Amino acid sequence: MYLFVEHLTFLDKGPYSFAVEKGECVGLTGRSGIGKTQLFRAITDLIPAGGEVFLEGIACSACNPTQWRSKVTMVPADSHWWHDKVGDHFVEFGQSPLLRDNCELLGLDAAVLDWQVSRLSTGERQRLALLRALQMTPAVLLLDEPSSGLDAYHTGLMEVFIEQYRRLNKPAIVWVSHDPEQLKRVSARVLRMEQNGLYQST
Amino acid sequence: MDVVSLSSVDLAIAASLLVLLSLLSMLLSLGLERKILFFGGRMTAQLLVIGLVLRFLFADGSLLLVLLMSTVMLLAAGREVQARQKRKIVGLSGYLISISAMFVSSFSVTVLALLVIIRVEPWYTPQYAIPLLGMLLGNTMTGIALAMDRMTDQLYGRRGEVEQRLLLGQTWQEASRDIRSDCMRTGMMPIINAMAAAGLVSLPGMMTGQILGGTPPVEAVKYQILIMFLIAAGTGFGVVSAIWMSGWRLFDERHRLRLDVLDVERA
């Protein structure tokens, strides 16, 4: 098992157990407010939780938390930016051609990295937040409604982009969405989150 | 030059101004008349009591009593810093942070000044130690309270940004760097502004008091300069240590932002 979440409990929810293989994309659904984001926050060790999360057999609690989060990262539904310029958030890649190519694959303006953050639309922020998370080449990618701010065309671009990224870099992906059709397209199986556990969705 | 001693009648005349003010407040229906009279009276009582305490302390002059008095002052200052915050760190650790920061800003600086600069014999002579400590406590408190208040407020308001940075594999120190330096600047700005205005816009209270008390102006000014330096340095060190300690409390060993240590109900 690549990513293994074992009896994870937080707040008054859980226990949640599931596994995701390397290069697999699993869909996650559940009614609003059930705690999908909190589950992601628990997996990335942003909130205290019972149980344990393993990556390739190594427990989260045995890892340095900053290293854990660069391997097991999450792209929140609402992105945050702190520098004035978009490009300043991409330290590792700098202004590399690959990053610019990826921008275009997602339908972003090629010059977007030189823009001021204040100029970005919600959808642009969302796509750039994905690229920002990918610069660490995470082993586990937790996507929290990654296309909620996008139109159908750009949603399609993003689905294709993530699919290609998954084939190339083989991360384990958990994709939260309220759109069953989308989850059918992007994932092989879908988990449904309830107060007391996760269930295979049919 | 002898000091003109103030009689009770003199003070009563000044107090009548306050009565006049409360009458005005009533006329304008500001609703402040009770407060003006109450706090005016309370201030009088507080200062009279402290006058008596100081008279006793100066006559006795023992190290034990001086230490006792300074500890009480320090604890009161720590409590005041805590009370001025909107979202404070709950429990004992919040008080400990405030008290430790005030200790750094005032206690240590006062001892240093007594031992190295003023070199009065013995170093704890209450006529020097107590006013100096009081001056430092009172003046560094504002900066420290401001910095700590801003720290918790900013971390609360910008938690999304901080957590996003943690998610990108940053340590808590990196993730909160902008906020922490912003808070340190906020805490130090008032004293820097006070230094800029001293003598030009405002005549500092201590110097004015000494001059009224008959000290030659240049002597009074020298003391004021000393005090300004001590306050500025104390504020700076106190603010830095307060922010540093708050950081350790607000993030845990797993580099998580722990806003659950904040008391947000009253915010």
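All of these numbers come straight from a predicted model, not from anything done at the bench.

> Would you mind showing me how to read the domain arrangement of chain B here?
Size of an interface: often given as the accessible area lost when the parts come together. All names here are of chain B. Parsing chain B into structural domains produces domain 1 (1-60) and domain 2 (62-263). For domain 1 versus domain 2, the separation of C-alpha centres amounts to 28 Å. Each partner contributes to the interface: domain 1 provides 9 residues, whereas domain 2 provides 10 residues. Our count for the domain 1 to domain 2 interface comes out at 1 residue pair in polar contact (both at pLDDT 80 or more).

> Any chance you could explain the nonpolar core here in plain terms?
As a rule of thumb, nonpolar side chains are buried together in soluble globular proteins. One finds F18, L28, L39 and I43 of chain A together with L155 of chain B to be the most contacted residues of the largest nonpolar core, which totals 88 residues. Top contributing element to this core by residue count: helix α5 (residues 126-157) of chain B, with 13 residues. In contact with F18 of chain A, other than residues within four places in its own chain, are L3, F4, V5, L39, I43, V174, L191 and L198 of chain A. If you look at the next biggest cluster of nonpolar residues, it comprises 32 residues, including W81, L108, A129 and V186 of chain A.

> Just to check I follow, could you spell out helix α2 (residues 33-60) of chain B for this structure?
Residues that lie three or four places apart on an α-helix share one face, since the helix turns once every 3.6 residues. All names here are of chain B. For α2, spanning 28 residues, the distance from its first C-alpha to its last is 41 Å, which sits close to the expected 40 Å at 1.5 Å a residue. Within α2, the full set of buried residues consists of I36, G40 and L57. In this fold, the buried residues of α2 make contact with α1 (8-27), α3 (63-83) and α5. Downstream of α2 by a residue or two, G61 has a phi angle that is positive, lying close to 70°.

> It is not clear to me how the confidence of the model for chain B should be interpreted in this structure. Could you clarify?
Detailed reading of predicted coordinates is not advised where the pLDDT is low. In the predicted model, chain B carries a mean pLDDT of 92, and 98% of its residues have values of at least 70. For chain B, per-element mean pLDDT is lowest for strand β2 (residues 262-263) of chain B, which scores 86, and highest for helix α7 (residues 172-175) of chain B, which scores 96.

> Any chance you could explain the side chain of S22 of chain B here in plain terms?
Residue and element names in this part refer to chain B. Tracing the sequence through the fold places S22 in helix α1. Residue classification places S22 among the buried residues on the basis of a relative accessible area of 4%. Polar contacts involving the side chain of S22 include one to the main-chain carbonyl oxygen of V19, which spans 2.7 Å. In this structure S22 touches E33, I36 and L37, once residues within four positions along its chain are discounted.

> Mind showing me how you'd approach the environment of I97 of chain B here?
All names here are of chain B. Relative to the helices and strands, I97 is located in helix α4 (residues 91-118). Of the residues examined, I97 reaches a relative accessible area of 6% and is grouped as buried. For the pair formed by I97 and L166, sequence separation is 69 residues and the distance between their alpha carbons is 24 Å. In contact with I97, not counting residues within four places along its chain, are I89, M148, A242, M245, S246 and R249.

> I'm lost on the packing of helix α8 (residues 177-197) of chain B against helix α10 (residues 217-250) of chain B in this one. Help?
Helices that pack against each other are described as a pair by the angle of their axes relative to one another and the distance between those axes. Residue and element names in this part refer to chain B. Closest axis-to-axis distance for the α8/α10 pair is 9 Å, and the angle between their directions is 170°. The angle between α8 and α10 falls in the class roughly antiparallel. Of the residues in α10, those touching α8 at R180, C183, M184, G187, M188, I191, A194 and M195 are M228, I231, A232, T235, G236, V239, V240 and I243. Split into classes, the residues belonging to the contact of α8 with α10 amount to 12 nonpolar, 3 polar and 1 charged.

> Even after reading the chapter, I still don't get the sheet that holds strand β9 (residues 189-194) of chain A, so can you show me in this structure?
Adjacent strands of a sheet pair through backbone hydrogen bonds, lying either parallel or antiparallel. All names here are of chain A. Read across the open sheet, the 6 strands follow the order β6-β7-β8-β3-β9-β10; overall the sheet is mixed. Taken across any chain shown, the strands that pair with only one partner, and hence form the sheet edges, are β6 (72-75) and β10 (197-201). For this sheet the average axis-to-axis angle between neighbouring strands, irrespective of direction, equals 25°. Sheet topology places strand β3 (residues 25-29) next to strand β8 (residues 172-176); 4 bridges connect them, and they run parallel. Looking at the pairing, V26 lines up with V174 of β8. The sheet contacts of helix α5 (residues 152-169) involve β3, β7 (140-144) and β8, and relative to β8 the element is tilted by about 160°.

> It is not clear to me how the side chain of R69 of chain A should be interpreted in this structure. Could you clarify?
One can find R69 of chain A in helix α2 (residues 65-71). Within the buried set, R69 of chain A has no salt-bridge partner at all; the shortest N-O distance to an opposite charge, 4.5 Å, is to D45 of chain A. There is a polar contact of 3.1 Å between the side chain of R69 of chain A and the backbone oxygen of T44 of chain A. Among residues more than four places away in sequence, those in contact with R69 of chain A are T44, D45, L46 and M136 of chain A together with L166, L167, R254, H255 and R256 of chain B.

> Explain the pattern of salt bridges to me, please; I cannot follow it from the model alone.
Note that side chains of opposite charge can pair when their charged atoms are close. Taken as a whole and assessed by the stated rule, the structure comprises 20 salt bridges over all chains. In this structure, E159 of chain A engages R185 of chain A in a salt bridge whose closest nitrogen and oxygen atoms are separated by 2.7 Å. Placement of E159 of chain A in helix α5 and of R185 of chain A in helix α6 (residues 180-186) is noted, with a sequence separation of 26 residues between them. For R185 of chain A, a relative accessible area of 52% translates into the label exposed. Its salt-bridge partner being K184 of chain A, residue E181 of chain A comes within 3.8 Å of it at the nearest N-O pair. Linking E181 of chain A with K184 of chain A, this pair stays in helix α6, spanning 3 residues, or about one helical turn. Looking at E181 of chain A, the relative accessible area reads 44%, which means it is partly exposed. Residues participating in the shared-partner salt-bridge network are D45 of chain A together with D252, R254, R256, R258 and D260 of chain B.

About the thresholds
Residues numbered from 1 in each chain as written. Chains lettered and ligands numbered in written order. Predicted model: local features only at pLDDT ≥ 70, side-chain atom pairs only at ≥ 80, totals over all residues. Heavy atoms only, no water. Domains from an automatic or database assignment. Contact = heavy atoms within 4.5 Å. Polar contact = N/O pair within 3.5 Å; in protein donor to acceptor, adjacent residues only side chain to side chain. Core = buried A, V, L, I, M, F, W, Y, C linked by side-chain atoms within 4.5 Å. Buried < 20%, exposed > 50% of the residue type's maximum accessible area, 1.4 Å probe, protein only. Helix = DSSP H or I, 4+ residues; strand = E, 2+ residues; numbered from the N terminus. Expected span 1.5 Å × (residues − 1). pLDDT = per-residue confidence, 0-100. Axes fitted to C-alpha atoms, helices over the stretch in contact; angles between N-to-C directions. Parallel < 35°, antiparallel > 145°, perpendicular 65-115°, else oblique. Nonpolar A, V, L, I, M, F, W, Y, C, P; charged D, E, K, R; others polar. Pairing = 2+ DSSP bridges. Lys, Arg positive; Asp, Glu negative; His and termini not counted. Salt bridge = Lys/Arg side-chain N within 4 Å of Asp/Glu carboxyl O.

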